[in-house]
Each structure stands twice: as C-alpha cells, then as structure tokens.
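Here are the chains, one letter per residue:
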Amino acid sequence: MALRYGADAVYLAGRKFGMRASAVNFDDDQLRNAVIYAHERGAKVYVTCNTLPREEEITDLPEYMEFLQDAGVDALIIADIGVLEMAKKYAPDVKRHVSTQFGVINSAAANALYNLGADTVVLARETPLEDIKKIRQNTPAELRLEAFVHGAMCVSFSGRCLLSNYMTGRDANRGQCAQPCRWKYHLVEEKRPGEYFEITEDGGTYILNSRDMRMIEYIPQLMDAGICSFKIEGRMKSAYYTALVTNAYRHAIDEALAGKALDRLWVEETEKISHRPYCTGFYFGDPGQHYAEASYFQTADVAAVVKSCEKNGEAVLTQRNKFVVGDTLEVLVPKGKPVAFTADKLMSIDNESISDTRHSMMEFKMKLPCFAPEGSIVRKCR
C-alpha cells in the first residue's frame, strides 16, 4: 500500500534487530521478495537494524548484514555506533542511515556520523525547525537529513526509554515496548492500598500519553529548512492507514514542489484514520498541549478493498466492514483524490443481488464511479 500510494521508499525489518519485536516481520525469503517488488516499482527498501544489541547478540550481526547486502537492500537504519562500524565491514555496498534513536540534534553529531560513514541522518524528533536549518547549513550537502512528519510521538527522548523495562520487563530498546506511557494513571496513598484517587475531575489521567505528530500543513517550510526526505511512522499500522497517509503526503509534497498551495482535502484525509489528537511535535519549540487522553479518533472506516476492476468501474472487491445498499461511500485510488458515490447495487460473486456485505472478507461485485486499480480502497464515512 505504501508503494501503491506514492512512497519513494519503505522501511521494514527482518526477524532480527528491529524495533518492532511483536510485529510479524519479514523472514529471509519475504525480505528478498519485498526488495524485488520495491525495486521493480522504482522504490527503495531500508531495513531496520536499530535495536541496541546485547553482547551475546553481536555475533549474529555479520551474517545478517551479509545477507541483507546480498538481498539488495538499499540502506540499513542503525542506532548503535558499533553496529555502524560493523555495517561498513560486512555490508559495504549498503548505505547507512542513522536512526532517530541516535538522538542527533546538532551539526557536530551529524558531521561526526557522516565522517564515520553515514549517508543519512534521521534527526531526533525533538529537533526544532530553526535548528534543522542551522544543521543543514553546517553539514556537507552529501549528507541527507531525514525527519519524521507523521505518527505517534514517544514520551522519552528519541525513543530511549526504560519505563517499559521497569514496569513490565519488556525492553523498549530491543523492540519490546509495552507502551506504559499510554496507560491511565491514578494516585495511591501509601497507607490506603487499593484506593485509587482521581487526578482530574473526570477520573485518572494520561500524564505520559503524547499526541500524534502531523506536519502535512508545513511541508514547504520543512523543505526550505533542508530536509531531504520525510518519514511516516507506518509499522504496526493498518494497510488503510499506510495507504491514506502516504497518499496525503505524496500530494502535499508534489503540490509544494509545484509551488501550489496545499489543498485542504489532504489535511482532512488525515482525520479519516485512527489517530490521537494531533500536534506539531517539537518543530516550533515547546509542544504545549503535548499530552492527551488515550482515545483514538477517525472519521471513516474501510468498507472494502478492490481486487479487480474493469475500465467502466465494474469491480470485484473484498469486504472489510459491513455496509448496505444506499450507503454513501468513497473510493480512494492510488495517487488520486477520493470520489464519493452511493452503493446503489450489490452483487454476490455468483451474480445474485444482495442488500449488504454482512460476511467478513466476503468477495462481492459493485459498480464504482471510476476505474480503480487493484488495492484501491472503498470506505464509509462516519
């Protein structure tokens, strides 16, 4: 979905050394196939090697790095200086990207990493926009600066957090974060165990739960600051989330490059995915209202995904959520604007008339308002 909807590169993980240990990550064959798939579409693949490996894990790195180079991976995302040095030795043909977890917030660090062989530095999310401009001015033009523009914000500095380890025994720096920063907390007086006192008038509070970042309205300013690539947090997210956010930012970037004002449609699109309240992170200094309740918001749900479609819009789809004849829907095609229409006729895969899509993952037929290639999304707005 990332590639279909306009990404120039995707980042992912194999079964080792990635910061999403609970994800169903790529095995070796899947990773090779992912590289082939991306390269056939003119896109790059960056593989995360961004855990902080323990001493006993170091011995596994040489063979893994050699495999990644052989698989044709374009870059490794690295958060440890020792891993950076090993990558130069065991995967010399693969570019080296320094992870945001390295915590680079100044040109001295960026230059040091460049001298150690880094091709790209993913800046710490805590870096203000004014500082990014200065970092760009004081670093070699050959060093690419990358920055996050959309997704969840971590309560700790650049993701280096011990809270999960302390509370659950799951090490966030090895991809096992239990996200206790998202939990709801109360006060307990030491002589009244089991009595939970409300911190606010409405109950407990999410004192560590940060808002989500959204920078789609500031793409021209980010470009002017010297950022070379924009990173969207997409791992552990749904295919719908990935498609929609990629599509929105693809249009925002293209409009900025063309000197056009941002179409507000693309800002509104980011409301149609599951998200916490949005903020601009640390780009403009103090984030202010940085914390929020754990509630997620979204204004649309995926109804179906297109499996095949004729030029006249006659399509076969796979159900994702139930809808009925008469519902107002939108179809989102890769790299295009959403088109609203009414579901006036539904057919089973056996060409029998049906009134709704009640069965999970059922295939069915319907007429779409336009040609929609495989992977296009039909959604129902709330």
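Before any of the text, the structure's been laid out above.
Not measured: the values here are computed from a predicted model.

A. Structural view of the overall build of the chain. Of regular secondary structure, the chain possesses nine helices and 17 strands. In terms of overall size, the chain behaves like a compact globule, its C-alpha atoms giving a radius of gyration of 23 Å where 382 residues would be expected to give roughly 21 Å. The principal-axis extents of the C-alpha atoms in the chain amount to approximately 65 × 60 × 45 Å. Burial analysis of the chain (382 residues in total) assigns 49% to the buried set.

B. Structural detail: empty space enclosed by the protein. Using the criterion set out here, one finds one cavity of 30 Å³ or more in the structure. Leu123, Ala124, Arg125, Thr127, Ile132, Ala147, Phe148 and Tyr283 are the residues that line the largest cavity. Within the lining of the largest cavity, the residues separate by chemical class into six nonpolar, one polar and one charged.

C. Structural context of the packing of aromatic side chains. Evaluated as defined, the whole model comprises four aromatic pairs. Ring centres of Phe323 and Phe364 lie 5.8 Å apart, and the angle between their planes is 65°; on these two criteria the pair is classed as edge-to-face. Placement of Phe323 in the loop between β11 (314–319) and β12 (328–332) and of Phe364 in strand β16 (residues 363–367) is noted, with a sequence separation of 41 residues between them. On the basis of relative accessible area, Phe323 is assigned to the buried category, the value being 1%. Taking the ring centre of Tyr241 as reference, the NZ or CZ of Lys237 above it sits at 4.9 Å.

D. Structural context of helix α4 (residues 107–115). For α4, the complete set of buried residues consists of Ser107, Ala110 and Leu113. When α4 is viewed along its axis, its buried side chains cluster within an angular range of 130° and face the same direction. Away from its buried face, by an angle of more than 90 degrees, α4 presents the exposed residues Ala108 and Asn115. Those residues of α4 that are buried lie in contact with α3 (81–90), β4 (95–98), β5 (120–122) and α5 (129–137).

Basis of the calculations
- Residues numbered from 1 in each chain as written.
- Predicted model: local features only at pLDDT ≥ 70, side-chain atom pairs only at ≥ 80, totals over all residues.
- Heavy atoms only, no water.
- Helix = DSSP H or I, 4+ residues; strand = E, 2+ residues; numbered from the N terminus.
- Rg over C-alpha atoms; globule rule 2.2 N^0.38 Å.
- Buried < 20%, exposed > 50% of the residue type's maximum accessible area, 1.4 Å probe, protein only.
- 1 Å grid on protein atoms, 1.4 Å probe; cavity = no way out; pocket = protein on both sides within 12 Å on 5 of 7 lines; lining within 4 Å.
- Points joined across faces, edges and corners; volume = space filled by probe spheres on them.
- Nonpolar A, V, L, I, M, F, W, Y, C, P; charged D, E, K, R; others polar.
- Phe/Tyr/Trp six-rings, centres within 6.5 Å; stacked < 30°, edge-to-face > 60°.
- Lys NZ or Arg CZ within 6 Å of the ring centre and 35° of its normal.
- Arc of directions from axis to C-beta.
- Contact = heavy atoms within 4.5 Å.

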